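Each chain, letter by letter, is given below.
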Amino acid sequence: MAGEPEEKTVNTTRREWTVRHGDRDDYAEAMRVVGQALLFGEELEALLERSRLLHDVMGYERLLVAVDDSEGTEEIIGSANHFPFEMTMPGGPVPVAGVTGVGVWPTYRRRGVLSAIMRRQLADIHEQGVRYAALWASEGSIYERFGYGVACHEMDEISISSPHDVLRADAPRDPDLKVVLREPAAVRADLERVHDAFASTRVGQFRRTEPWWDRTLRDTPDRREGRSPMMAVVVYGAEGPLGYALYRTKARWADDGAQGEVYVQEIVATAPAVWTALFEHLFNRDLVSRVEFSFLPADCPLHHLLPDRGRAPAKLFPSLWVRLVDVPGALSERPYAAAFEGVLEVADRYAPWNAGRWRIKADTDGARVEATDAAPDLSLDVHHLGSAHLGRTSLTGYLRAGLITEHTPGTTARLDTALHRHDAPFCGVIF
Ligand SMILES: CC(=O)SCCNC(=O)CCNC(=O)[C@H](O)C(C)(C)COP(=O)(O)OP(=O)(O)OC[C@H]1O[C@@H](n2cnc3c(N)ncnc32)[C@H](O)[C@@H]1OP(=O)(O)O
């Protein structure tokens, strides 16, 4: 249109984008894009200093950048990266691509840049032989089209006011447990030991390597948001450390007295009496009128231990999105809660190697998954399978919503039963 700036015409054009691997130098420009896209408030230098702590150790070879080279020079306009996690899936700890750092420069949005990056990233992950990708989404409307499904809901920002002596009288208590409060660095080996045992059995957890522990325990003033330095309370039994909580405090005073607050970043316990010991330490700190937890597993014992569950209203947050990058591989390496046999017809726009019909013959040890031409019992998208894979999101919900098609009545219910897991998946760390 006459008189319109040229930029506007260009901005509405979709085209093929060049997506290539980046290196450490590209990373700065990629983070400039991501920081702008995600509305990060900090200066680029501060963002790089923080994020390079991890990436300098883990390498930059997984960084992908989309570039606009239409003017003869290259401009980075979009980016995505992934961490090479060992994450616990229903079959045990396995390699999982932890997708992170996704952003597109605002003047290039809705022109297919992310689509091009996602296509390339999935192909790369598949080529590496990794069967799953996982991420935390900034918005729930972005990732289904790329094959990710919400697989995990966890409790978020649970708080308890007037917490003193709030646990049930019959909460399990073990007088032989010893409760110790220390600076985290002084007990880091014990924290790592407890977490390693927990992470290897709880679906959704990734094994915390040294750089990730550095990040977890990083305690610079910008991380504190006006709260105290981080402290670690550790519970020991005769056999060693059995649980811990990482927390900060904030002093507050009101006309009617102390209104201090405790903010719990992470809490892990390996036995019922250990939960009680940790909660009682946190709830009974003097001068405290409120305790707030960051993420907690959906099946955390907290509410069972309160005489009145309404004291800590629970809201569930959709946390981990899971993508089956290799459908037959992922479905064959997990155990099933019940036998299942059937043919699934899977649609997958972004990973065409998954699309087609798969016959599954599953039992409690695993499954045989083979390509077939047989008539399907159930037709669904790969994101439905990602969502159900961790065993707590029901496919029946999608069926009732009319979003998947059942050709053989009862298949969805039988598959839900087979995929079910007793433990709620839990990630707890936004990556
Ligand atoms: C794991 C993480 O890092 S999560 C962080 C994700 N990043 C952000 O939220 C930062 C802010 N947002 C952005 O940078 C961009 O808008 C992105 C990355 C979300 C999307 O990038 P774009 O290049 O605009 O996506 P693209 O043009 O490929 O869109 C593909 C499709 O997804 C849709 N889509 C993209 N983003 C969104 C959204 N936020 N909400 C709804 N639909 C969306 C598009 O409309 C398009 O649909 P169509 O194929 O039916 O036309």
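Residues numbered from 1 in each chain as written. Predicted model: local features only at pLDDT ≥ 70, side-chain atom pairs only at ≥ 80, totals over all residues.

A short note on the UniProt feature "domain: N-acetyltransferase" (unreviewed entry) in the protein
Part 1 of the reasoning: What UniProt calls "domain: N-acetyltransferase" (unreviewed entry) maps, in this numbering, to residues 17–172.
Part 2 of the reasoning: Spanning residues 17–172, this segment combines 28% helix with 33% strand, and its end C-alpha atoms are found 59 Å apart. (UniProt positions renumbered as here; feature names shortened; annotations may be inferred. Helix = DSSP H or I, 4+ residues; strand = E, 2+ residues; numbered from the N terminus.)

Some thoughts on the UniProt feature "active site" (unreviewed entry) in the protein
Part 1 of the reasoning: When the UniProt feature table is mapped onto this chain, "active site" (unreviewed entry) is found at Tyr143 and Phe431.
Part 2 of the reasoning: Taking the C-beta count within 10 Å as the criterion, tyrosine 143 has 23 such neighbours and is therefore assigned buried.
Part 3 of the reasoning: Apart from the residues lying within four places of it in its own chain, the contact partners of tyrosine 143 are Leu135, Ala137, Tyr148 and Trp321.
Part 4 of the reasoning: The residue phenylalanine 431 is located in the segment after α13 (411–419) in this model.
Part 5 of the reasoning: Setting aside residues no more than four positions away along its own chain, phenylalanine 431 makes contact with Phe83, Gly98, Thr100 and Trp136. (Buried ≥ 20, exposed ≤ 12 C-beta atoms within 10 Å, placed from the backbone. Contact = placed C-beta atoms within 7 Å.)

Structural notes on the site of the ligand
Part 1 of the reasoning: Among the 22 residues in the neighbourhood of the ligand, the closest are listed as Ala37, Val102, Leu114, Ser115 and Ser138.
Part 2 of the reasoning: Those elements that place two or more of their residues in the shell around the ligand are β4 (92–104) and α4 (113–127).
Part 3 of the reasoning: When residues in the shell around the ligand are grouped by element, the largest group, six residues, is from β4.
Part 4 of the reasoning: The residue inventory of the shell around the ligand, partitioned by class, reads ten nonpolar, seven polar and five charged. (Near = placed C-beta within 6 Å. Nonpolar A, V, L, I, M, F, W, Y, C, P; charged D, E, K, R; others polar.)

Notes on the sheet that holds strand β2 (residues 64–68)
Part 1 of the reasoning: Here we have seven strands laid out as an open sheet, ordered β1-β2-β3-β4-β5-β17-β6, and mixed in their pairing. Either end of the sheet is taken by a strand with one partner, and the two such strands are β1 (18–21) and β6 (149–150).
Part 2 of the reasoning: Examined bridge by bridge, strand β5 (residues 132–136) and strand β17 (residues 320–324) share five bridges and lie antiparallel to one another. Among the inter-strand pairings, alanine 133 is bridged to a residue of β17, identified as arginine 323. (Pairing = 2+ DSSP bridges.)

Considerations on the domain arrangement of the protein
Part 1 of the reasoning: Looking at the protein, the domain boundaries give domain 1 (6–130), domain 2 (155–316) and domain 3 (320–419).
Part 2 of the reasoning: A C-alpha centroid distance of 30 Å is found between domain 1 and domain 3.
Part 3 of the reasoning: In this complex, domain 1 contributes nine residues to the contact, which on the side of domain 3 involves eleven residues.
Part 4 of the reasoning: The class makeup of the residues in the side of domain 1 that touches domain 3 is six nonpolar, two polar and one charged. (Domains from an automatic or database assignment.)

Observations concerning the pairing of strand β18 (residues 340–347)
For a regular strand, side chains alternate in direction, first toward one face of the sheet and then toward the other.
Part 1 of the reasoning: Pairing between β18 and strand β19 (residues 356–363): seven bridges, direction antiparallel. In the strand pairing of β19, glycine 342 is matched with isoleucine 360.
Part 2 of the reasoning: In this structure, β18 lies alongside strand β21 (residues 378–381), joined through four bridges in parallel fashion. Each bridged residue has a counterpart across the sheet, and for leucine 344 the counterpart in β21 is leucine 378.

Quick notes on unusual backbone geometry
Part 1 of the reasoning: Located in the positive-phi region is arginine 110, a residue other than glycine, with phi close to 60°.
Part 2 of the reasoning: Classification of arginine 110 as exposed rests on a count of 10 C-beta atoms within 10 Å.
Part 3 of the reasoning: Phi angles above zero are rare outside glycine, and aspartate 165 is one such case at about 50°.
Part 4 of the reasoning: For aspartate 165, a count of 9 C-beta atoms within 10 Å corresponds to the exposed category.

Brief notes about helix α5 (residues 188–199)
Part 1 of the reasoning: Its twelve residues place the ends of α5 16 Å apart at the C-alpha level, agreeing with the 16 Å of an ideal helix rising 1.5 Å per residue.
Part 2 of the reasoning: Burial in α5 covers these residues: Asp190, Leu191, Val194, His195 and Ala199. Buried residues of α5, seen end-on, are gathered within an arc of 155° and therefore sit on one face of the element. Every exposed residue of α5 that faces more than 90 degrees away from the buried side is listed here: Ala189 and Asp196.
Part 3 of the reasoning: Buried positions along α5 lie against β3 (75–89), β10 (231–237), β11 (240–250) and β14 (260–269). (Expected span 1.5 Å × (residues − 1). Arc of directions from axis to C-beta.)

Observations regarding the sheet that holds strand β8 (residues 158–161)
Part 1 of the reasoning: Overall, mixed pairing links the six strands, which are arranged β8-β15-β14-β11-β10-β9 in an open sheet. The open sheet terminates on both sides in strands that have one partner only, identified here as β8 and β9 (178–182). Here the average twist between neighbouring strands, direction ignored, is 25°.
Part 2 of the reasoning: Looking at chain direction, β10 and β11 are connected through seven bridges and run antiparallel. (Axes fitted to C-alpha atoms, helices over the stretch in contact; angles between N-to-C directions.)

What to know about the nonpolar core
Part 1 of the reasoning: Counting residues in hydrophobic clusters, the biggest one holds 77 residues, and the most contacted among them are Tyr132, Ala133 and Ala134.
Part 2 of the reasoning: For this core, the element with the most residues is β3, which contributes seven residues.
Part 3 of the reasoning: One finds Met230, Tyr247, Val268 and Leu302 within the second-largest nonpolar core, a separate group that totals 36 residues. (Core = buried A, V, L, I, M, F, W, Y, C linked by C-beta atoms within 7 Å.)

Concerning the packing of helix α2 (residues 24–37) against helix α3 (residues 44–58)
Part 1 of the reasoning: Running from N to C, α2 and α3 cross one another at 115°; their axes reach a closest spacing of 10 Å. Here the hand of the crossing between α2 and α3 comes out right-handed. Taking contact as the criterion, the partners of Tyr27, Ala28, Met31, Arg32 and Gly35 in α2 are, on α3, Leu44, Leu47, Leu48, Ser51 and His55.
Part 2 of the reasoning: Class assignment of the residues belonging to the contact of α2 with α3 gives a composition of six nonpolar, three polar and one charged. (Left-handed = near helix turned anticlockwise from the far one by under 90°.)

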